[in-house]
Amino acid sequence: MIDLTASDETADDARARSNVVRLAAAQALTGANSAVIFATGSIIGATLAPDISLATLPLSMFVVGLAAGTLPTGAISRAWGRRTAFMIGTGCGVVTGVLAAFAILHGSFALFCCATFIGGLYGAVSQSYRFAAADGASAAYRPKAVSWVMAGGVFAGVLGPQLVQWTMDVWPPYLFAVSFAAQAVVALVAMAVLAGVDAPKPAPADLHGGRPLFKIARQPRFIAAALCGVISYPMMNLVMTSAPLAMKMCGLSVSDSNFGIQWHIVAMYGPSFFTGSLIARFGAPKVVALGLVLEAAAAGIGLSGITAMHFWATLFVLGVGWNFGFVGASALVLETHRPQERNKVQAFNDFLVFGTMALGSFSSGQLLAHYGWPAVNMVVFPPVLLGLAILALASFAKRRRTLQPVDFPEPGI
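The shown structure was predicted, so the numbers you read here are calculated from the model rather than taken from an experiment. (Residues numbered from 1 in each chain as written. Predicted model: local features only at pLDDT ≥ 70, side-chain atom pairs only at ≥ 80, totals over all residues. Heavy atoms only, no water.)

## What about the confidence of the model for the protein chain?
- On average, residues of the protein chain score 84 in pLDDT, and 90% of them reach the 70 mark or higher.
- Across the protein chain, helix H13 (residues 284-303) holds the top mean pLDDT of 95, while helix H1 (residues 2-48) sits lowest at 77. (pLDDT = per-residue confidence, 0-100. Helix = DSSP H or I, 4+ residues; strand = E, 2+ residues; numbered from the N terminus.)

## Considering helix H8 (residues 177-194)
- Its 18 residues place the ends of H8 26 Å apart at the C-alpha level, agreeing with the 26 Å of an ideal helix rising 1.5 Å per residue.
- Within the sequence span of H8, burial applies to Ala177, Ser179, Phe180, Ala182, Gln183, Ala184, Val186, Ala187, Ala190, Val193 and Leu194. (Expected span 1.5 Å × (residues − 1). Buried < 20%, exposed > 50% of the residue type's maximum accessible area, 1.4 Å probe, protein only.)

## So, the environment of Ala289
- Relative to the elements of secondary structure, Ala289 occurs in helix H13.
- Ala289 sits 32 residues away from Gly321 along the chain, and the two C-alpha atoms are 9.3 Å apart.
- Setting aside chain neighbours within four positions, we find Ala289 in contact with Leu388 and Leu391. (Contact = heavy atoms within 4.5 Å.)

## Details of the side chain of Thr90
- With respect to the element layout, Thr90 can be found in helix H3 (residues 82-106).
- Residue class for Thr90 comes out buried when judged on its relative accessible area of 0%.
- Excluding its chain neighbours within four sequence positions, the residues that come into contact with Thr90 are Tyr122, Ala187, Ala190, Met191 and Leu194.

## Topic: the side chain of Ser330
- Relative to the helices and strands, Ser330 is located in helix H14 (residues 308-334).
- Polar side-chain contacts of Ser330 include one of 2.9 Å to the backbone oxygen of Phe326.
- Apart from the residues within four sequence positions on either side, Ser330 is in contact with Arg130, Phe131 and Val146. (Polar contact = N/O pair within 3.5 Å; in protein donor to acceptor, adjacent residues only side chain to side chain.)

This is the structure in structure tokens:
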């Protein structure tokens, strides 16, 4: 029986490794789509919006799309399988590119915001890639599977900003129109890659049973995982979405902004080559804590100056901090649910993360326009301190349960 179990785990991990390759490639392509939006959204917004304080609204709409798409992604994956959700998501990516290019050509701010919202729906589906990689894998391989898929984003850090750099001036005076047309093509390539993912429709037994979501969400481990995700991702997003426009306001060029975003995305995903190993060795809570501390350090760098080098250093350290915080929090989520509960729990976790991020992103433009770049960085510190405190409490609670003596019944009872 032991040999059979070991053989089954080996076969499952071989299947998971095959999926990881495709999902990592899809992560690179999808991340490139997001990179185009983040590198250009606030700049296009400042050009098309009726007021400068609305410049980051297209990026906020992207985040709203992320939040809006998380629960439907989980429902579609649960009913028809993850691959169906992936195909719908990449279709949204194609629509995003075509609609955004059309909006730029016609000078429509509202239409451009619609395009970035649909891009957020695509992004919501892509967030499930990391969890899909862990489906069926052994407990030992799951953190590595999540980490390796996230590592695909390294190539997004190169492809996305370079796509903008190569295409932004192709059709003057319509800055970035061709960039979004190219984005639609990239989404089509991602669709072809994801078509080969081995993600069968869930078995009927997996569609029923499991604990109520509320009961799962009350676990201290889940609370800590969700809260750290809620802090690490929205805080990173707040600084990242403000940075391109802040750089422009400080007299820096679009090329400087593209370079900063490029290395930010590389820093976001580059550590994923070893984040899984760090989690396996030191545990997810310690990796998450390191990530939160690095995000606070990035905000400190942002407060220290407004040269290109300061912005680049801020974005780079911020990216590394996000990786440790978000990948670690994702690994914590995987410890809180059973196989038949995975779709609803993972979708609920992402809804909390991106719902919070959507609420916060609306304030980024106002914060930058009315209070400046220093205020954007100052906002990071209180949530980070809260996350570290909750993480410490959850770890203490787990150790306390582990140390509690087990009461055995008297003989004969």
